[in-house]
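Geometric and topological summary
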Amino acid sequence: MLVSRRKNDLQQMYAEDREDYLGKLERTITKFFVDRGFLEIKTPIIIPAEYVERMGINSDVELSKQVFRIDKNLCLRPMLAPTLYNCLRKFDNVLPDPIKIFEIGPCYRKESDGKEHLEEFTMLNFCQMGSGCTRENLEALIKEFLDFLEIDFEIVGDSCMVYGDTLDVMHGDMELSSAVVGPVPMDRDWGIDKPWIGAGFGLERLLKVKHGFKNIRRGSRSESYYNGIPTKI
Ligand code: ATP
Ligand code: 9VF
Ligand code: MG
């Protein structure tokens, strides 16, 4: 019975929709932010390992052990913030105030697995620099975004090694996002000297909530599942 249901579901998706959940969510989110004046960015997935250190993630920070290193100088990005910092610096005094940009793309972290962690996941990071960078505006944008996706949430205060105080966006016990109201001291190391707000969301966690997956794996880049349906038939 299970097998015939899987076959049916896959056949129905092929007949009617044909869009991959992760791909479709990226396109939906992209339209949401482009429509609200944010510039879509695609930066490299392979980055200098030095960027991670410059984020304050030195050998005594937990995340430093989670980084996939490629060689002496390069690694797979564990987050989008370093290259977004560089974009903000380059666009400063070029684009009109406030500067609003976002990126959606793969990030990599070594994780000792669980239902909410992948080693290969997809991050959305949006940020604004210049005027209007208040906590109220950040919370309002997060609310508009999650209302648009029809996902319930609550915002709680937390802290992390990289930014200090964060606003964590929670769905039950699961963190959907960490959001930050800048400026922070680290900005100096990236040549940034204006207020900013920003937030990082994991797309697979959004899919887990949206589709009620028990495990985040169902919503990930996968050979074992297509749109949450096991492909082993
Ligand atoms: P956690 O504490 O849950 O491991 P984090 O605080 O280390 O997450 P952040 O650095 O704040 O994660 O990253 C921003 C967002 O990216 C998270 O809120 C989450 O939605 C997503 N994310 C981070 N790590 C992973 C992962 N390994 N797998 C899936 N999504 C992730
Ligand atoms: C919040 C999650 C440093 C001015 C380019 C934007 C943010 C996002 C936190 C992410 C991280 N920070 N994974 O910064 O939006 O960097 O830990 Si910016
Ligand atoms: Mg976090």
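Scroll up to find the structure this text is about.
Quick summary incoming for the structure in this document. (Residues numbered from 1 in each chain as written. Chains lettered and ligands numbered in written order. Predicted model: local features only at pLDDT ≥ 70, side-chain atom pairs only at ≥ 80, totals over all residues. Heavy atoms only, no water.)

Some details on the site of ligand 1
The condition that has to hold: Residues are labelled near a given molecule or strand when at least one of their non-hydrogen atoms is within 4 Å of it. N or O atoms closer than or at 3.5 Å make up a polar contact, with two conditions inside protein: a donor-capable atom paired with an acceptor-capable one, and, for residues adjacent in sequence, both atoms drawn from side chains. Accessible surface is estimated by sampling points in the Shrake-Rupley manner with a 1.4 Å probe; for residues, cover comes only from the protein chains shown. As defined here, a cavity is a set of points on a 1 Å grid over the protein atoms alone where a 1.4 Å probe fits but cannot get out. A pocket is an open set with protein on both sides within 12 Å along at least five of seven lines, and residues line them when an atom is within 4 Å of a point. For a molecule to be placed in a cavity or pocket, more than half of its atoms must lie within 2 Å of the grid points of that cavity or pocket. Helix and strand definitions here come from DSSP, where helices need a minimum of 4 consecutive H or I residues and strands a minimum of 2 consecutive E residues; each element is numbered from the N-terminal end. Each residue is assigned to one of three groups, with Ala, Val, Leu, Ile, Met, Phe, Trp, Tyr, Cys and Pro labelled nonpolar, Asp, Glu, Lys and Arg labelled charged, and all others, Gly among them, labelled polar.
Around ligand 1, a shell composed of 15 residues is seen, among which Arg109, Glu111, His117, Leu118 and Glu175 lie nearest. Contact distances for ligand 1 include 2.8 Å between a nitrogen atom and a backbone N or O atom of Leu118. Considering ligand 1 on its own, with 590 Å² of exposed area, one finds that the protein chains cover 79% of that surface. The cavity that encloses ligand 1 is the largest pocket. For the shell around ligand 1, the elements supplying multiple residues, two or more each, are strand S5 (120-129), strand S8 (174-181) and strand S9 (196-202). Here the shell around ligand 1 takes four residues from S8, the largest share from any one element. Tallied by class, residues from the shell around ligand 1 come to five nonpolar, five polar and five charged.

Focus on the side chain of Gln128
The test is simple: For the exposure calls, accessible area comes from a 1.4 Å probe over protein chains only, and a residue counts as buried if that area is under 20% of its type's maximum, exposed if over 50%, partly exposed in between. Only heavy atoms enter the contact rule, under which two residues are in contact if any of them lie within 4.5 Å.
With respect to the helices and strands, Gln128 occurs in strand S5. On the basis of relative accessible area, Gln128 is assigned to the buried category, the value being 11%. Discounting chain neighbours no more than four positions away, the residues touching Gln128 are Pro98, Ile99, Lys100, Cys133, Pro195, Trp196 and Ile197.

Concerning the coordination of the magnesium ion (ligand 3)
Rules: Listed donor atoms are N, O and S within 2.8 Å of the metal (Na, K and Ca: 3.2 Å). As water is not included, a site may look incomplete.
Every protein donor of the magnesium ion (ligand 3) is accounted for by Glu175 (OE) and Ser178 (OG), and the metal-donor separations fall at 2.2 to 2.3 Å. The class of Ser178 is partly exposed, set by a relative accessible area of 26%.

As for the environment of Gly37
Summarising the element assignment, Gly37 is placed in the loop between helix H2 (21-35) and strand S1 (39-41). For the pair formed by Gly37 and Ile99, sequence separation is 62 residues and the distance between their alpha carbons is 9.0 Å.

A look at the site of ligand 2
The full set close to ligand 2 counts 17 residues, and Met123, Asn125, Tyr163, Gly198 and Ala199 are the nearest of them. The contact in question runs from an oxygen atom of ligand 2 to an N or O atom on the side chain of Asn125, over 2.8 Å. A majority-of-atoms criterion places ligand 2 in the largest pocket. Listing elements by their share of the shell around ligand 2, those giving two or more residues are helix H4 (81-91), S5, S8 and S9. Of the residues that constitute the shell around ligand 2, the class distribution is twelve nonpolar, four polar and one charged.

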